[in-house]
Amino acid sequence: MNFKQSLWDDSDPLYAPCMKKIRNGYFWVPPKKYRDQGYGIKTYKLEGAVGDGEDMARARHARALTREMVDWYNGVTEGKQPGTWAWLIARYLNDEDSDIWEVRSNTRKQYKEVTYMIERAIGSVFLAETDFTRMRAWQRVMREKGRSASYIKRWYNHLSMILSYGIKIGDAETRDDCLRIKAIRGEMRIKGGARRQVFITRQDVDLVVAEADRRGWDHMSLSLLLRFELMLRGVDVYGQWVPAENNEGGIRHHGAIWVDGMTWDMVAPDVSQITKQISKTRDSMPEPYTFDLTHLPDLRRRIMAIPLDKRTGPLIVDQSGLPPKQGMVSKRFKIITRHLGLDEALQIRDGRAGGITEAKAMVDPYTLQHAAQHQNQNTTDRYARDRSGSANKVIEMRAKR
């Protein structure tokens, strides 16, 4: 199938390759040539319906899907020799039985980004030629290029995932090579990065919230307070936009769907509590958390100030009326902290760490672990900062005794 040049340069904004109208909806369907070669997507429902005025956005999404399909086809059939890392990675990414399709779409996107980095670096290397010397050389090159310890650790962890897939797919030669390489990887000591020590204090929170209020960024103020007071991750507060890979309902915008954030149906009618299932542990810890807001008057007041006619859908929305786009809250947090002259290293994610660190001085470790929504104490320890503060608290308590 020949595609127009617009597939690559977007010169025709209404060009929608592989899109078909079925009844009152639109679907993207790969041509038989690509399906026969094993392309994983068989059909994909595009957003919207006939006559909704979203033809341009739909066409843009169809072009993006088509480009991804063509790139896959070119790589699998024209440039990736069997037995190379690129060949194994192509199978890992496109096999519908691969474990990468068992994770959520936002996690899959992160996995793919790292996997593409691995392919660019070692794609032409044969599995049979991969030994300890070569794997150590890859680690050395990354260090020389200034890659962080956490980056190298993540790179090698994903390498292990690819190898696990190679062991499972059944090809005897590939399986033996992958078993051998994974054994080498298991014996290599790959240090992770140092634990993050930066955290936001309650005084910092007050300053940032006041400045956000002054700028009219109500969603920024409310987001930070929820993260600090309830010790929540950002995705559980304002959610995230992920590729809309299926037909499930929800808030959609330009081919993405909003998931995981707080919605008004989680808030009690009198705003006395919020009941939320934690996104990261929904499978292992399915019981939702109920957060009591009666002891948090400022936070409760801010939520109650939202007009009744706005109390539907997402709790956190920006000036557009939609949940914040990816990175927007972080960007505005950084603008404010720089304006206030706060620590340059501070990030919005430190709001949760700050809440956990403050709570560490108030409750026992078991209570803190559950308050932080963690399965084990080791995870909580990574979020609890200010170790000197803990040591000084012990000294102070001893002195009082």
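Residue numbers here run from 1 along each chain, matching the order of that chain's written sequence. The predicted origin of the model limits local features to residues at a pLDDT of at least 70 and limits the giving and counting of side-chain atom pairs to 80 or more, whereas totals for whole chains, interfaces and linings rest on all residues. Water and hydrogen atoms play no part in the side-chain values, which are based on all heavy atoms of the structure.

Peer 1: How would you summarise the overall build of the protein if you had to cite specific residues and measurements?
Peer 2: Helix and strand definitions follow DSSP, with helices as H or I runs of at least four residues and strands as E runs of at least two, each counted in order from the N terminus. The helix and strand inventory of the protein stands at 17 helices and eight strands. Under the scheme applied here, a residue whose accessible area is under 20% of the maximum for its type counts as buried, over 50% as exposed, and between as partly exposed, the area being computed with a 1.4 Å probe on protein chains only. Burial statistics for the protein: of 401 residues in total, 44% are counted as buried. The contacts in the protein between residues at least 6 apart in sequence include a share of 62% that link residues at least 24 apart. Method for areas: the Shrake-Rupley scheme with a 1.4 Å probe, in which residue coverage is limited to the protein chains shown. Surface exposure of the protein reaches about 21600 Å², of which carbon and sulfur atoms provide 51%. We call two residues in contact when some of their heavy atoms are within 4.5 Å.

Peer 1: Give me the lowdown on helix α13 (residues 328-340), citing residues and values where you can.
Peer 2: Along its 13 residues, α13 runs 19 Å from first to last C-alpha, staying within 8% of the 18 Å computed at 1.5 Å per residue. Along α13, the residues that are buried comprise Val329, Arg332, Phe333, Lys334, Ile336 and Thr337. Those residues of α13 that are buried lie in contact with α9 (202-215) and α10 (218-229). By definition here, a helix of n residues has an expected span of 1.5 Å times n minus one.

Peer 1: Pulling in residues and values, what's your account of the sheet that holds strand β1 (residues 19-22)?
Peer 2: Two strands qualify as a pair provided that DSSP identifies no fewer than 2 bridges between them. Pairing in this open sheet of three strands is antiparallel, and the strands run β1-β2-β3 from one edge to the other. A single partner strand is all that each edge strand has here, and the edge strands are β1 and β3 (44-49). Taken over all neighbouring pairs, the strand axes of this sheet differ in orientation by 30 degrees on average, direction set aside. Across three bridges, strand β2 (residues 25-28) lies against β3 in antiparallel orientation. If you follow Phe27 over to β3, its bridge partner there is Lys45. In this analysis an axis means a line fitted to C-alpha atoms, helices contributing only their contacting stretch, and an angle means the value between N-to-C directions, from 0 to 180 degrees.

Peer 1: An account of the pattern of salt bridges is requested, with residue identities and associated values reported.
Peer 2: Throughout this description, the term salt bridge denotes a Lys or Arg side-chain nitrogen within 4 Å of a carboxyl oxygen of Asp or Glu. Summed over the entire model, instances satisfying the criterion amount to 15 salt bridges. Between Asp10 and Arg67 there is a salt bridge, with its nearest N and O atoms 3.6 Å apart. Of this pair, Asp10 sits in the loop between α1 (6-9) and β1 while Arg67 sits in helix α3 (residues 55-79), placing them 57 residues apart in sequence. You can call Asp10 partly exposed: its relative accessible area is 37%. Residue class for Arg67 comes out partly exposed when judged on its relative accessible area of 21%. Close ionic contact of Asp52 with Arg58 constitutes a salt bridge, the shortest N to O distance being 3.0 Å. Overlapping salt bridges, with partners in common, bring together Asp213, Asp298, Arg301 and Arg302 in one network.

Peer 1: So, the sheet that holds strand β6 (residues 256-259): which residues are in play, and what are the values?
Peer 2: With respect to topology, three strands assemble into an open sheet ordered β4-β6-β5, the strand pairing being antiparallel. Both outer strands of the open sheet, β4 (240-243) and β5 (252-253), are each paired with one neighbouring strand and no more. With four bridges joining them, β4 and β6 adopt antiparallel strand pairing. Residue pairing for β6: Pro243 is matched across the bridge by Ala256.

Peer 1: Can you explain the side chain of Glu211? Please cite residues and give values.
Peer 2: Of note, Glu211 is situated in helix α9. According to the relative accessible area criterion, Glu211 is buried, its value standing at 8%. Polar side-chain contacts of Glu211 include one of 2.6 Å to the side chain of Arg214. Not counting residues within four places of it along the chain, the set of residues in contact with Glu211 comprises Ile336, His339 and Leu340. Whenever a nitrogen or oxygen atom comes within 3.5 Å of another N or O atom, the pair is scored as a polar contact, on the condition that within protein one atom can donate a hydrogen and the other can accept it, and that pairs from neighbouring residues in sequence are kept only if both atoms are in side chains.

Peer 1: Can you break down unusual backbone geometry residue by residue, with the values?
Peer 2: Even without glycine at this site, Cys18 takes up a positive phi of about 70 degrees. Among the residues examined, Cys18 registers a relative accessible area of 11% and is labelled buried.

Peer 1: Run through a positive patch on the surface, naming residues and quoting values.
Peer 2: Candidates for patches are residues over 30% relative accessible area with no salt bridge; among them, like charges are joined within 9 Å and nonpolar side chains (Val, Leu, Ile, Met, Phe, Trp, Tyr) within 5 Å. Charge convention: Lys and Arg are scored as positive, Asp and Glu as negative, and His as well as the terminal groups of each chain are ignored. Working definition for charges: the position is that of NZ of Lys, CZ of Arg, CG of Asp or CD of Glu. Taken together, the side chains of Arg140, Arg143, Arg189 and Lys191 present a region of like positive charge at the surface. Examined against the element boundaries, Lys191 turns out to sit in the loop between α8 (172-187) and α9.

Peer 1: With reference to specific residues and values, describe the nonpolar core.
Peer 2: Nonpolar cores were defined as sets of buried Ala, Val, Leu, Ile, Met, Phe, Trp, Tyr and Cys residues, with membership established by side-chain atoms within 4.5 Å. By size, the foremost hydrophobic cluster in this structure holds 39 residues, and its most contacted members are Met220, Leu224, Leu226, Ile303 and Leu315. Those elements that provide at least two residues to this core are α9, α10, β8 (289-292), α12 (297-304) and α13. Counting residues per element, this core draws most heavily on α10, at six residues. Discounting residues that sit within four places of it in the chain, Leu224 has contacts with Ile200, Val205, Val208, Val209, Phe333, Ile348 and Gly351. Counting residues in hydrophobic clusters, the runner-up holds 29 residues, among them Trp87, Ile100, Val125 and Ile181.

Peer 1: Requested: an account of the pairing of strand β7 (residues 273-276), with residues and values cited.
Peer 2: Taking every second residue as pointing to the same face, the buried face of β7 carries Ile274 and Lys276, while none of Gln273 and Thr275 on the other face is buried. Relative to β8, β7 runs antiparallel, the two being bridged by four bridges. For Ile274, the partnering residue across the bridge sits in β8 and is Phe291.

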